[in-house]
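Notes for the structure review
Each chain, letter by letter, is given below.
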Amino acid sequence: MSRLKPETQIKRRIQEIEGILATADEDKLALVRPLITQVAHLEVQLEGLMAKLEAEGFVEEYKNGENQFGTKESTVSKAYSSTFKNYVNAVRTLIQCLPVAAQPDAEDALTDFIKERPR
């Protein structure tokens, strides 16, 4: 099975998120619509970063000068961590747009998603 283009993945995810938020107040939805697009983009970026992490690892070697060398957290690992934190915060903001009765279910879905992501 061929992998979908990132643009296609993003469009599909935007539709899914808008479907989830269909019960949200229209005023709130108008405010967070750009955030929906960002969340979809972040998901695609996270997938790409995770693929790089799996290939390159969380640690990289460095050398500064002749005698200074060692290992450090990889640049990709730092980027993944930062992107993931931003993603979680954005999703929580979107969840808050839902009617109060639907928020616990959405929080459970977010928790399940976080637990399923490879580390």
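Structure's up top.
Here's a quick rundown of the structure.

What counts as what
- Chains are numbered independently. Their residues run from 1 in the order of the written sequence.
- Only residues with pLDDT of at least 70 are given local features in this predicted model, and only at 80 or more are side-chain atom pairs given and counted; all residues enter the totals for whole chains, interfaces and linings.
- Derived side-chain values reflect all non-hydrogen atoms in the structure, with water molecules and hydrogen atoms excluded from consideration.
- By definition, any uninterrupted DSSP run of H or I lasting at least four residues is a helix, any uninterrupted run of E lasting at least two residues is a strand, and each is numbered from the N terminus.
- Burial here depends on accessible area, computed with a 1.4 Å probe over protein chains only, as a share of the maximum for the residue type. Under 20% is buried, over 50% is exposed, and the range in between is partly exposed.
- Only heavy atoms enter the contact rule, under which two residues are in contact if any of them lie within 4.5 Å.
- Surface exposure here means Shrake-Rupley accessible area, sampled with a 1.4 Å probe, where a residue is shielded only by the protein chains that are shown.
- To qualify as a nonpolar core, a set must consist of buried Ala, Val, Leu, Ile, Met, Phe, Trp, Tyr and Cys residues joined through side-chain atoms within 4.5 Å.
- Here, axes are lines fitted to C-alpha atoms. For helices the fit covers the stretch in contact, and angles between N-to-C directions go from 0 to 180 degrees.
- Each angle receives one of four descriptions, namely roughly parallel if under 35 degrees, roughly antiparallel if over 145, roughly perpendicular if within 65 to 115, and oblique otherwise.
- In this scheme the handedness of a crossing depends on how the near helix is turned from the far one: anticlockwise by less than a right angle means left-handed, clockwise means right-handed.
- For salt bridges, the criterion is a side-chain nitrogen of Lys or Arg within 4 Å of an Asp or Glu carboxyl oxygen.
- Planes of paired rings set the category: under 30 degrees apart is stacked, over 60 is edge-to-face and the rest tilted, where pairs are Phe, Tyr or Trp rings (Trp by its six-membered ring) whose centres lie within 6.5 Å.

Here's the deal with the overall build of the chain
Helix and strand content of the chain: four helices and two strands. For the chain, the succession of helices and strands along the chain, N to C, is α-α-β-β-α-α. In the chain, which comprises 119 residues, the share counted as buried stands at 29%. Of all intrachain contacts in the chain linking residues separated by at least 6 positions in sequence, the fraction that spans at least 24 positions is 56%. Working note: accessible area of the chain is about 8300 Å², and carbon and sulfur atoms make up 52% of it.

Looking at the nonpolar core
Of all hydrophobic cores here, the largest spans 27 residues; its most connected members are I17, L21, I36, V39, Y80, Y87 and L94. Secondary-structure elements contributing two or more residues to this core are α1 (6-20), α2 (26-56) and α3 (75-95). With eleven residues, the top contributor of residues to this core is α2. Setting aside residues up to four positions removed in sequence, V39 forms contacts with I17, Y87, A90, V91 and L94.

Looking at the packing of α2 against α3
For the pair α2 and α3, the least separation of the axes is 9 Å and the interaxial angle reads 150°. With respect to each other, α2 and α3 are oriented roughly antiparallel. The way α2 lies across α3 gives a crossing that is left-handed.

Points about the pattern of salt bridges
The final tally for this structure, using the stated rule, is four salt bridges. By sharing partners, the salt bridges in this structure join R13, E16 and E43 into a single network.

Considering the packing of aromatic side chains
By the definition in use, this model includes two aromatic pairs. Consider the rings of Y80 and F84, whose centres lie 5.9 Å apart with planes at 10°: the pair is stacked. Highlighted residues: Y80 and F84, both in helix α3, separated by four residues, approximately one helical turn. Judged by its relative accessible area of 17%, F84 is buried. Aromatic rings pair up to connect Y80, F84 and Y87 into one cluster.

This is a description of form; function is not addressed.
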